[in-house]
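# Descriptive analysis of the structure
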Amino acid sequence: MTHLDEGTILALRDRGLVDADAREHVDECATCAAALTAAQERADAVAFALRSLDGGPPIDVDAAKAAVRRRLDARREERRTPAPGLSRSLGRAAALVLLASGAVYAMPNSPLRGWLSGDAGTDAAVVESPPPVEVASPEGVELTVPAGGLTIRLTSVQPDQRIEVVWVEGDRASVVAASDSYYAVSSSGVGVDVREGDVRIGLPTGPEPIIIEANGRMVLSRVDGAVRVQGEVVSRDPNGIVFTVGQG
Amino acid sequence: MDFDTTFEAHYPGLVRYCRRLTGDPDAAEDVAQESFVRLFDHGIEGTSDGLRAWLFTTATHLVRDRYRVDTNRRRLLEENPVEPTPGDTPERSLERSEDRARARAALERLATRDREILLMRYSGFSYKEIADAVGVAATSMGTLLARAEARFAEACVPGERV
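Presented here is a report on the structure given in the accompanying data block. (Residues numbered from 1 in each chain as written. Chains lettered and ligands numbered in written order. Predicted model: local features only at pLDDT ≥ 70, side-chain atom pairs only at ≥ 80, totals over all residues. Heavy atoms only, no water.)

## Some thoughts on the overall build of chain A
Counting its regular elements, chain A contains 6 helices and 12 strands. The 248 residues of chain A split such that 40% are buried. Look at the contacts in chain A between residues 6 or more apart in sequence, and 62% of them connect residues 24 or more apart. (Helix = DSSP H or I, 4+ residues; strand = E, 2+ residues; numbered from the N terminus. Buried < 20%, exposed > 50% of the residue type's maximum accessible area, 1.4 Å probe, protein only. Contact = heavy atoms within 4.5 Å.)

Below is the structure:
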């Protein structure tokens, strides 16, 4: 008789994804039933051990609320008062720095690879490598949407500039703007300092959360499958949405 | 859900999770607050469970970015020694301190992803929610969790041999 592996035993214990055959098997197999009991006992012991970490100063919810409100106000205030003529050059600079980081990462024997993988003089068994950084090309960028979601940050967007979002099959997202736009890609997001002309964004129809920001303001979100546009919608159909950021 | 309701429902649990993940109460509060700032700043909406998963996922990524280099974590632990709990006898305080140090050391021995998986599971998240947060397939979660639990228990739970 083939017994269930440890992963399936735990999935049974935790009501995870297991097929009906595994449930039937554990009802009939004393070895696997004992393994399931042992797994439950281990869960109790692990939970007990983890609770030992819960000491520390009391959590002051009211003070934290006030701190979060202050941070939110400060962030919104920063957006309301950009330095004239500075935001565009800063956007380009930020995009360039990120892009340059990606380019350095791509070089063989790059010190950035060591730093990103956490083995720069440290114990590599403790720190795992982050997802690889993808380097954008001057013509646009395409990447796989991370399971945790994707944020696309557009800067230097003009109020009447059209942003065209197209729903696509598969798991690859893409952003294409005018030819002299600047792109930067990290493990969880894309930054684009856009030039004049339409911005075309292809987004997979999957469940992953998606956020598009323009000039620091969220203009589109997809959370739990619900798409919300906070720009001025030009057209909308099952294939996608065209909108502008408007005057904000 | 409004600001107050969302905050009161999820902030304490998120701070506890971040404390377990970082071992640093100050950093835990900072990461938890930054997660809430992003939630409200981006106008994220959803069910209470959906918002909770979003907050924990965001906090997990913030912690991962903050402690990308192992030496940062080691230094933090040295700067944040275990403090005695008020009201404990010296013996109980010592015992509690040893339990906590053992659990912390066992967590530190895990790979980053294994630590996140273990702590999210013991914060009550489903395999699917954890898989979405750490970027793995939900179908492999049982195997990954089994490995993380076994390594943690072996290092931390008396009498546990895997």
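## Some points on the overall build of chain B
If you tally the helices and strands in chain B, you get 8 helices and 0 strands. Counted from the first residue to the last, chain B has its helices and strands arranged as α-α-α-α-α-α-α-α. Taking all 162 residues of chain B together, the buried fraction comes to 55%. Taking as baseline every contact in chain B between residues at least 6 positions apart, the subset at least 24 positions apart corresponds to 60%. Here chain B has roughly 7000 Å² of accessible surface; of this, 49% comes from carbon and sulfur atoms. (Areas by Shrake-Rupley, 256 points an atom, 1.4 Å probe, with all protein chains shown as cover.)

## Overview of the interface of chain A and chain B
With 53 residues of chain A at the contact, the number on the chain B side is 65 residues. For the pairing of chain A and chain B, the buried interface totals around 5300 Å² over both sides, and the portion due to carbon and sulfur atoms is 60%. The largest per-residue losses of area from chain A upon contact with chain B belong to Leu53, Ile59 and Arg71 of chain A, which jointly make up 12% of the total buried on that side. Summed over the shared surface of chain A and chain B, the result is 12 salt bridges. Across the pair aspartate 4 of chain B and lysine 65 of chain A runs a salt bridge, and its minimum N-O distance is 3.3 Å. For the pair chain A and chain B, the interface holds 17 residue pairs in polar contact (both at pLDDT 80 or more). Of all elements in the fold, only helix 1 (6–13), helix 3 (30–51), helix 4 (61–80), helix 6 (111–117), strand 8 (210–214) and strand 9 (217–223) of chain A reach the threshold of two or more residues within the side of chain A that touches chain B. Ranked by the residues each element gives to the side of chain A that touches chain B, the list is headed by helix 4 of chain A, at 11 residues. When grouped by side-chain class, the residues that make up the side of chain A that touches chain B number 28 nonpolar, 8 polar and 17 charged. (Buried area = accessible area lost by both parts, 1.4 Å probe. Salt bridge = Lys/Arg side-chain N within 4 Å of Asp/Glu carboxyl O. Polar contact = N/O pair within 3.5 Å; in protein donor to acceptor, adjacent residues only side chain to side chain. Nonpolar A, V, L, I, M, F, W, Y, C, P; charged D, E, K, R; others polar.)

## Observations concerning the pairing of strand 2 (residues 150–155) of chain A
Residues and elements named next belong to chain A. Across 5 bridges, strand 2 lies against strand 8 in parallel orientation. Bridge pairing links leucine 154 to alanine 214 in strand 8. Here 5 bridges tie strand 2 to strand 6 (residues 189–193), and the two strands are oriented parallel to one another. Paired with arginine 153 across the bridge in strand 6 is glycine 191. (Pairing = 2+ DSSP bridges.)

## Quick notes on the sheet that holds strand 5 (residues 182–185) of chain A
Residue and element names in this part refer to chain A. Spatial ordering of the open sheet is given by 5-6-2-8-9-10, a layout of 6 strands whose pairing is mixed. Two strands in the sheet have a free side with no partner beyond their single neighbour: strand 5 and strand 10 (226–229). Pairs of neighbouring strands in the sheet enclose a mean axial angle of 10°, with direction left out of account. (Axes fitted to C-alpha atoms, helices over the stretch in contact; angles between N-to-C directions.)

## As for the sheet that holds strand 1 (residues 141–144) of chain A
Residues and elements named next belong to chain A. Spatially, the 6 strands line up as an open sheet ordered 1-4-7-3-12-11, and their pairing is mixed. Whereas interior strands pair on both sides, the edge strands pair on one side only; in this sheet they are strand 1 and strand 11 (232–237). The sheet shows a mean angle of 15° between the axes of neighbouring strands, taken without regard to direction. Sheet analysis places strand 1 next to strand 4 (residues 172–176), joined by 4 bridges and oriented antiparallel.

## A closer look at the packing of helix 1 of chain A against helix 8 (residues 141–156) of chain B
It is at 7 Å that the axes of helix 1 of chain A and helix 8 of chain B come closest, and there the two elements cross at 95°. In terms of axis orientation, helix 1 of chain A runs roughly perpendicular to helix 8 of chain B. On the side of helix 1 of chain A, the interface is formed by Glu6, Gly7, Leu10 and Arg13 of chain A, while helix 8 of chain B contributes Gly142, Thr143, Leu145, Ala146 and Glu149 of chain B. Among the residues making up the contact of helix 1 of chain A with helix 8 of chain B, the classes are represented as 3 nonpolar, 3 polar and 3 charged. (Parallel < 35°, antiparallel > 145°, perpendicular 65-115°, else oblique.)

## Remarks on helix 3 of chain A
Residue and element names in this part refer to chain A. The end-to-end C-alpha distance of helix 3 is 32 Å, a good match for the 32 Å that 22 residues give at a rise of 1.5 Å each. Every buried residue of helix 3 is accounted for by Cys32, Ala39, Arg42, Ala43, Val46, Ala47, Ala49 and Leu50. Buried positions in helix 3, seen along its axis, are confined to an arc of 155° and lie on one side of it. Seen from the open side of helix 3, the exposed residues pointing more than 90 degrees away from its buried face are Ala30, Glu41 and Phe48. (Expected span 1.5 Å × (residues − 1). Arc of directions from axis to C-beta.)

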